[in-house]
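Summary of structural features
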Amino acid sequence: MPEAMLKFVSVAQQYPAKRKAEARARDFDEIYQEYARAKAGEQASRCSQCGVPFCQIHCPLHNNIPDWLLMTSEGRLEEAYELSSATNNMPEICGRICPQDRLCEGNCVIEKGFESVTIGSIERFITDTAFAQGWVKPPRPRQEREQSVGIVGAGPAGLAAAEELRRHGYQVHVYDRYDRVGGLLVYGIPNFKLEKQIVQRRAKLLSDGGVTFHLDCEVGRDVTLADLRARHAAVLIATGVYKSRDIAIPGAGLGNIIQAMTYLTASNRIGLGDRVPEFESGALNAEGKRIVVLGGGDTAMDCVRTAIRQGAKSVKCLYRRDRKNMPGSMREVSHAEEEGVAFTWLVAPEAYTGDTIVKGVRAVRMRLGAPDATGRQTPEEVPNSAHVVKADLVIKALGFDPEDLPVQFAQADLKVTGWGTAAIDFRSKMTNLDGVFAAGDIVRGASLVVWAVRDGRDAAESMHRYIQAKAAAEAKPLAQAS
Ligand code: FAD
Ligand code: SF4
Ligand code: SF4
């Protein structure tokens, strides 16, 4: 065991300094500061270098965590960066926004008695340092290949695939209907979790490495899937899931009831300096209003915390299960509470009240009943518990489903699952259409950035194998003929 390690007994867990709640509620800057070099090394040295590292097993990318922690503790940061970036195309992004409490850190073996190693913050520190030192280079292939690939979607799945395929030497073309690269990293996730220049830095690296982005280009509207199949040796669908779920309750047609993505996209655009008329008119601005957010996932947490920063009069989050059973990260809930959000657990909306614009949400109290087939307790209504929660703006954060892919792409024979996600072969990642692959949320349903990166990497490897096998098969008859 290297002498530098196993310090968890003598060194306490310490995350990077978090800005005070009152200060961070006034702006959209990230809430954690960066570790100083010595602190990162000290925290990395708490790792006990497990023979069977559960942190690594539970990281979707199987990052080589113990080794880069050791290198960090020994001050070998460039090596730590090389190792960390070998398995992850955006370690500084995952280090910021992975729900580590459910993944690597939640499974760190010292977590029980001594609190986990702060893996995410160290991962972020390593790559931010690498950028600052100029160690991060654009993808440079060892050989150029003449074949091109088309990637639909510039979110994390598409970007991870783009980088891997470029490294293999393909001519990579990424098509996205948005005007910026990043997908939900830019227009979903707020700045206080992930500053946009961090995403733009990645996008620039790919452009500098030769990846071509076709922005404001919607596949299905500006170009068809058939066009892309004709143009490229293989195509990847990485379009994410964007159809907002809804609840059909009385009053649903009232004004000032909006979807979470509409609200968050407007806020992110304002942060990026764009003009958003609906924000300027006040329709998508929480300032001075009583805000009610429906839902208990990460999107709901982002909405409540955005509303606080916009200067809402009050912000309430209504969720039908209890704190323990909510899907959002516990860390995010704590941040929201510190910033002044009020959570009302175990309530379900029954109707919106108001004449033309919403005035409140009529809700009933719930209790958790018998577990369902998955073991999760089913909420049941408490009789005679209806009450009204006053609201000037209601934001619905109830989850997302895929758009109708075969219709969107005018490709009726493209197979989808019962949930509407792209149906792929588990091993090859290919859809039922020859040479068309899929990755990320469009395959898994709404998930996480780290899974999108993993899927993008896996799909890129499969696309490479597919293109090479096809090229070899085409070359064979020629060789036989000559
Ligand atoms: P996306 O990021 O959705 O990217 C898909 C891209 O495809 C988009 O750019 C879109 O414009 C483009 N596209 C779609 N259709 C077309 C078309 N027809 N033609 C051209 N382009 C098209 N995950 C975390 O790990 N941590 C978090 O803290 C976190 N917070 C989140 C907060 C919010 C508000 C939301 C909504 C999600 C959050 N997630 C978080 C989930 C995470 O953002 C997604 O799992 C991840 O972005 C999925 O990546 P993707 O590449 O599959 O899709
Ligand atoms: Fe943890 Fe996410 Fe980094 Fe994996 S990618 S080590 S889960 S923070
Ligand atoms: Fe280190 Fe924790 Fe991973 Fe063990 S589980 S190798 S202690 S980070």
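Here the structure is shown first, and the text comes after it.
The notes below deal with the structure included here. Computed from a predicted structure; not experimentally measured. (Residues numbered from 1 in each chain as written. Chains lettered and ligands numbered in written order. Predicted model: local features only at pLDDT ≥ 70, side-chain atom pairs only at ≥ 80, totals over all residues. Heavy atoms only, no water.)

With 13 residues, helix α11 (residues 196–208) should cover 18 Å at 1.5 Å per step; its first-to-last C-alpha distance of 18 Å lies within 8% of that length. Structurally, α11 contributes buried residues whose contacts are with α6 (91–97), α8 (119–133), α9 (156–167), α10 (184–187), β3 (212–214) and α13 (260–271). Positive backbone phi, at 105 degrees, marks Gly 210, one or two positions downstream of α11. (Helix = DSSP H or I, 4+ residues; strand = E, 2+ residues; numbered from the N terminus. Expected span 1.5 Å × (residues − 1). Contact = heavy atoms within 4.5 Å.)

What follows is about helix α4 (residues 65–73). Of all nine residues in α4, eight are buried; the element is thus mostly enclosed. Ile 65, Pro 66, Trp 68, Leu 69, Leu 70, Met 71, Thr 72 and Ser 73 are the residues of α4 that are buried. Among the structural elements, α2 (37–44), α3 (54–57), α5 (77–87) and α8 are those in contact with the buried residues of α4. Following α4 by one or two positions, Gly 75 has its phi on the positive side, about 80 degrees. (Buried < 20%, exposed > 50% of the residue type's maximum accessible area, 1.4 Å probe, protein only.)

Near ligand 1, the surroundings consist of 35 residues, among which Ile 97, Asp 176, Lys 193, Val 219 and Tyr 242 are the closest. One of the backbone nitrogen or oxygen atoms of Ile 97 is found 2.8 Å away from a nitrogen atom of ligand 1. Within the contact set of ligand 1, an oxygen atom lies 3.3 Å away from a backbone nitrogen or oxygen of Leu 448. Contact with the protein chains covers 97% of the free accessible surface of ligand 1, which is 1000 Å². Among the secondary structure elements, those contributing two or more residues to the shell around ligand 1 are α9, α15 (298–309) and α19 (449–481). Split by residue class, the shell around ligand 1 holds 19 nonpolar, ten polar and six charged. When residues of the shell around ligand 1 are assigned to domains, at least three map to each of domain 2 (148–241 + 402–481) and domain 3 (255–399). (Near = heavy atom within 4 Å. Polar contact = N/O pair within 3.5 Å; in protein donor to acceptor, adjacent residues only side chain to side chain. Areas by Shrake-Rupley, 256 points an atom, 1.4 Å probe, with all protein chains shown as cover. Nonpolar A, V, L, I, M, F, W, Y, C, P; charged D, E, K, R; others polar. Domains from an automatic or database assignment.)

Evaluation of the coordinates by the stated rule reveals four cavities of 30 Å³ or more. Volume-wise, the largest cavity comes out at about 110 Å³. Cys 47, Cys 50, Cys 55, Cys 108 and Val 117 are, among the 15 residues lining the largest cavity, the residues nearest its centre. Of all elements in the fold, only α3 and α4 reach the threshold of two or more residues within the lining of the largest cavity. (1 Å grid on protein atoms, 1.4 Å probe; cavity = no way out; pocket = protein on both sides within 12 Å on 5 of 7 lines; lining within 4 Å. Points joined across faces, edges and corners; volume = space filled by probe spheres on them.)

Now for the packing of α4 against α5. For the pair α4 and α5, the least separation of the axes is 8 Å and the interaxial angle reads 165 degrees. As judged from the angle between their axes, α4 and α5 are roughly antiparallel. The way α4 lies across α5 gives a crossing that is left-handed. For the pair α4 and α5, contact is made by Asp 67, Trp 68, Met 71 and Thr 72 and by Leu 77, Glu 79, Ala 80, Leu 83 and Ser 84, respectively. By residue class, the composition of the contact of α4 with α5 is five nonpolar, two polar and two charged. (Axes fitted to C-alpha atoms, helices over the stretch in contact; angles between N-to-C directions. Parallel < 35°, antiparallel > 145°, perpendicular 65-115°, else oblique. Left-handed = near helix turned anticlockwise from the far one by under 90°.)

Here we come to the sheet that holds strand β2 (residues 171–175). Pairing in this open sheet of five strands is parallel, and the strands run β3-β2-β1-β4-β16 from one edge to the other. Only two strands of the sheet have a single partner each, and these edge strands are β3 and β16 (436–438). Shown here is a sheet whose adjacent strand axes are inclined to one another by a mean of 20 degrees, direction ignored. Where strand β1 (residues 148–152) meets β2, five bridges bridge the pair, whose relative direction is parallel. Residue pairing for β2: Val 149 is matched across the bridge by Val 172. (Pairing = 2+ DSSP bridges.)

In this section: a nonpolar patch on the surface. On the surface, Val 52, Phe 54, Ile 57 and Val 109 cluster together into a nonpolar patch covering about 330 Å² of accessible area. The residue Val 52 is located in the loop between α2 and α3 in this model. Residue class for Val 52 comes out exposed when judged on its relative accessible area of 51%. (Patch = residues over 30% accessible without salt bridge, like charges linked within 9 Å, V, L, I, M, F, W, Y side chains within 5 Å. Salt bridge = Lys/Arg side-chain N within 4 Å of Asp/Glu carboxyl O.)

Looking now at the site of ligand 2. Not every one of the 13 residues close to ligand 2 is listed here, only the nearest: Cys 59, Asn 63, Cys 98, Cys 104 and Glu 123. Assessed atom by atom at 2 Å from the grid points, ligand 2 resides in the second largest cavity. By residue class, the composition of the shell around ligand 2 is nine nonpolar, three polar and one charged. (Sits in = over half its atoms within 2 Å of the grid points.)

Just geometry here; none of it tells us what the structure is for.
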